[in-house]
Amino acid sequence: MNEIEQTGLATMRDCWITGGTSFDLAPVGWKEIAGSANPDERERRLLAIAAQALEIALRPAAPKTLKRRPPLPELALPMLPERLRPLFRAALKQAADARGKSRVVALVASRGFVLHPMDWMPAASDQTSPDVYAPWVDWQAGVDGEKHTRREQLTAENWDDFYPAARRTALADMRRTAPAAARQLIETRGSSEPAEVRLALIALMHFGLGADDVPFLKSLSADRSGKVRELAGRLLARLGEHGQPGDGGPEDPIAELAAFITEGKSGFIRRRTTYAPAKLKSPAQERRRAELFETCNLVDLAARFGVTESDFIGAWQFGADNNVDILVARMVAASGSDAAVAHMADTLVAEGGKPALFVLHLMPRLDSRRQRVLVRLILKDTQYLGALSLAEGVEAGWLDWADLTNGKTLPALRTAVAGNDDAVKRGVDQFLETLGFLATAAAAEKLIGDVVAAGMAPAAPSLGLLRLNASLTGP
């Protein structure tokens, strides 16, 4: 319908609104259709034609840039039941930040469900959502709609048929079951990928990392990406492989970092070596020391002092400078061997108190047993409860009611809920969000009853994740 016909239709409509007849105003074609009837029937026919024109002819045309997308892939888990979707949306809305929202999604996946796409969708750049959403990540990224993810085994031949997220998931699974085959795929096909993709593929090698990976990782010392070379060096360090030996001079980063550390002795009878952060003279030196901790490897630093990784960690004086302690913990997490990471975690947990909190920086490298030991340790003492929100890589839905009642946590929580301190109440909200992720369904239900009995409103938004947790009892 052209503009003249649209104007004519508007005139006819105005005529009907005022109670008049519009036959004389109708287009010639319409008059041929309606002209053989009596006046009343003519108006009814014209009205029917006009309604059809408004419904069909005036429908906005799709923009030329609009592309047809393939159907949204079906995921491997069942959809969250309809009755639970409002609980999920409320919990997601209440989550404080992106990490909190990802925990809500992870909790649902841990109970065997995926989300309705109208409630949540991963972004095309998402690399942290549960693996089950890899087809949706690729669907978001596959704007050309030509490629399709496949469910068969990833090989060098069908490498290009996999979207990036599906390929990462397949490689991660292969590294857990057949690390040599996965490494060969990364070696043969990954080298042609862009640096950002190549970096993500190399990062997958932390699954099943072993001595067989050393030759390939060493070959990456010639990679054109500095980030890939640095990551490969840290993976080699985890295997006890030293980096390129320095000359010990002022340009040697290991020697420079060692100069920021004081070596001393303690004990009267059995003298033992200690290491502590040196007193620095300027903020610039502190920044430089932090940079060196982020780029140097534990095995090289320990060797600079002539000791093993575990000896260096055992001799480090935790508590002398919290900021440097955190830097040490991060260096150990990034480049320490599995034995060194476990040694540091066990040592600090055994010491308890504030030093144990530095283990939070090691969490992604710890097995689930050590992670749970640390969480339970923190829950026994209310002094550092807020630190729990910093824990990364912890599994969802395992904290029992007995873990919550075995310490000062619940009494402190009840007191905070019953009080009038707004700042404390905000801390309670954050803590309940953390427990909503960690607790079992039974523990979540009991905890809701406990804090409501202490004075919290039953419909409080901060109970959102706990309510969802308590309702997620399995597919």
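Since this is a predicted model, take the numbers as computed values, not measurements.

Rules used throughout
Residues numbered from 1 in each chain as written. Predicted model: local features only at pLDDT ≥ 70, side-chain atom pairs only at ≥ 80, totals over all residues. Heavy atoms only, no water. Helix = DSSP H or I, 4+ residues; strand = E, 2+ residues; numbered from the N terminus. Buried < 20%, exposed > 50% of the residue type's maximum accessible area, 1.4 Å probe, protein only. Polar contact = N/O pair within 3.5 Å; in protein donor to acceptor, adjacent residues only side chain to side chain. Contact = heavy atoms within 4.5 Å. Phe/Tyr/Trp six-rings, centres within 6.5 Å; stacked < 30°, edge-to-face > 60°. Lys NZ or Arg CZ within 6 Å of the ring centre and 35° of its normal. 1 Å grid on protein atoms, 1.4 Å probe; cavity = no way out; pocket = protein on both sides within 12 Å on 5 of 7 lines; lining within 4 Å. Points joined across faces, edges and corners; volume = space filled by probe spheres on them. Salt bridge = Lys/Arg side-chain N within 4 Å of Asp/Glu carboxyl O. Nonpolar A, V, L, I, M, F, W, Y, C, P; charged D, E, K, R; others polar.

A.B. asks: Residues and numbers for the side chain of Arg-175, please.
C.D. replies: Positionally, Arg-175 belongs in helix H7 (residues 164-177). The buried category is assigned to Arg-175, whose relative accessible area is 0%. At a separation of 2.8 Å, a polar atom in the side chain of Arg-175 contacts the side chain of Asp-213. The contacts of Arg-175, once residues within four sequence positions are left out, are Ala-182, Arg-183, Leu-204, Met-205, Phe-207, Gly-208, Leu-209 and Asp-213.

A.B. asks: So what's going on with the packing of aromatic side chains? Which residues, and what values?
C.D. replies: What the rule picks out here adds up to seven aromatic pairs. Plain terms: the ring middles of Phe-312 and Trp-316 are 5.9 Å apart, the flat faces sit at 40 degrees to each other, and that makes the pair tilted. Accessibility assignment for this pair places Phe-312 and Trp-316 in one class, buried. Joined through ring pairs, the aromatic side chains of Tyr-275, Phe-305, Phe-312 and Trp-316 make up one cluster. Over the ring of Phe-23 we find Arg-42; its NZ or CZ atom is 4.2 Å from the centre of that ring. The ring of Phe-207 carries the charged tip of Arg-176 above its face, separated from the ring centre by 4.2 Å.

A.B. asks: How would you explain the layout of surface pockets if you had to name every residue and give the values?
C.D. replies: Counted as a void, the largest pocket has a volume near 1,800 Å³. Together, 49 residues line the largest pocket, and Gln-127, Thr-128, Ser-129, Asp-131 and Gly-393 are the ones closest to its centre. Of all the secondary-structure elements, those providing two or more residues to the lining of the largest pocket are helix H5 (98-110), helix H6 (134-141), H7, helix H9 (195-203) and helix H11 (226-238). The dominant element in the lining of the largest pocket, judged by the number of residues it contributes, is H5, at nine residues.

A.B. asks: Any chance you could break down the pattern of salt bridges for me, citing the residues and the numbers?
C.D. replies: Tallying each qualifying case throughout the model produces 22 salt bridges. Close ionic contact of Arg-198 with Asp-223 constitutes a salt bridge, the shortest N to O distance being 2.9 Å. Separated by 25 residues along the polypeptide, Arg-198 in helix H9 and Asp-223 in the loop between helix H10 (214-219) and H11 bring together distant segments of the chain. Here Arg-198 matches Asp-223 in class, with each residue buried. Arg-376 is paired through a salt bridge with Asp-403; the nearest N and O atoms lie 2.9 Å apart. Linking Arg-376 in helix H18 (residues 368-380) with Asp-403 in helix H19 (residues 401-405), this pair joins segments that are 27 residues apart in sequence. Residue Arg-376 is classed as partly exposed on the basis of its relative accessible area, which comes to 30%. Taking relative accessible area as the criterion, Asp-403 reaches 14% and is therefore assigned buried. One salt-bridge network, in which partners are shared between bridges, spans Glu-82, Arg-85, Arg-89 and Asp-119.

A.B. asks: Quick rundown of empty space enclosed by the protein? Include the residues and the values.
C.D. replies: Per the counting criterion, the structure on display carries one cavity of 30 Å³ or more. Taken as a whole, the largest cavity holds about 40 Å³ of empty space. What lines the largest cavity is Arg-103, Val-375, Leu-388, Ala-391, Val-394, Thr-434, Phe-437 and Leu-438. Here the element with the most residues in the lining of the largest cavity is helix H21 (residues 422-438); it accounts for three residues. Of the residues assigned to the lining of the largest cavity, the class counts are six nonpolar, one polar and one charged.

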